[in-house]
Every structure is written in C-alpha cells, then in structure tokens.
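# Residue-level structural notes
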Amino acid sequence: MALPSVWSEMRVGILLLSVLSLLSVGLVGAGQDSGSAIPAESRPCVDCHAFEFMQRALQDLKKTAYNLDTR
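One structure accompanies this document, and this report is about it. Just so it is clear, the model here is predicted, and its values are computed rather than measured.

### What about the overall build of the protein?
Within the protein one finds two helices and zero strands. Residues classed as buried in the protein amount to 0% of the 71 residues present. Counting every atom, the protein has about 6800 Å² of accessible surface; 68% of that belongs to carbon and sulfur.

### Describing a nonpolar patch on the surface
Side chains of Leu15, Leu16, Val19, Leu20 and Leu23 sit close together on the surface and give an oily, nonpolar patch of about 490 Å² of accessible area. Mapped onto the fold, Val19 is located in helix H1 (residues 2–35). Classification of Val19 by relative accessible area gives partly exposed; the value is 42%.

Procedures and definitions
Residues numbered from 1 in each chain as written. Predicted model: local features only at pLDDT ≥ 70, side-chain atom pairs only at ≥ 80, totals over all residues. Heavy atoms only, no water. Helix = DSSP H or I, 4+ residues; strand = E, 2+ residues; numbered from the N terminus. Buried < 20%, exposed > 50% of the residue type's maximum accessible area, 1.4 Å probe, protein only. Areas by Shrake-Rupley, 256 points an atom, 1.4 Å probe, with all protein chains shown as cover. Patch = residues over 30% accessible without salt bridge, like charges linked within 9 Å, V, L, I, M, F, W, Y side chains within 5 Å. Salt bridge = Lys/Arg side-chain N within 4 Å of Asp/Glu carboxyl O.

Here is the structure:
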C-alpha cells in the first residue's frame, strides 16, 4: 500500500518542479527583454535597409556584367 502514496508524492513533486521552472523561465525572459531595447532614433528604418540592399545588389550586377563583357 505504500506504493500509491509514493507515486502521488512524486506527481506532486514533479508538478511543483515544473511550475517553479516555468516561473523562473518567465522571470529570466522578462529581465532580458528590458535591457536589450535599442532606441528608435538609433535604428535605421526598414526602407533604408532595403535601399542599401538594393544598392549593393545593383553594384554586384554591374560588376558581374562588366566581368562578362571583358571575357
């Protein structure tokens, strides 16, 4: 008869450990998000990134076309 009580204690222990681990993960995640924010003034906009990417792609195409012409 001692076996069912051991199982019930193990279930309660596992439940308690999983709740504590979820709480600690939530606290750690909340602490990391607050310190890693970059102010909007120092971040380039999405359009700027797209424009720079397209400029580099156009330069690469020009170089490739020039290299093909010289061959």
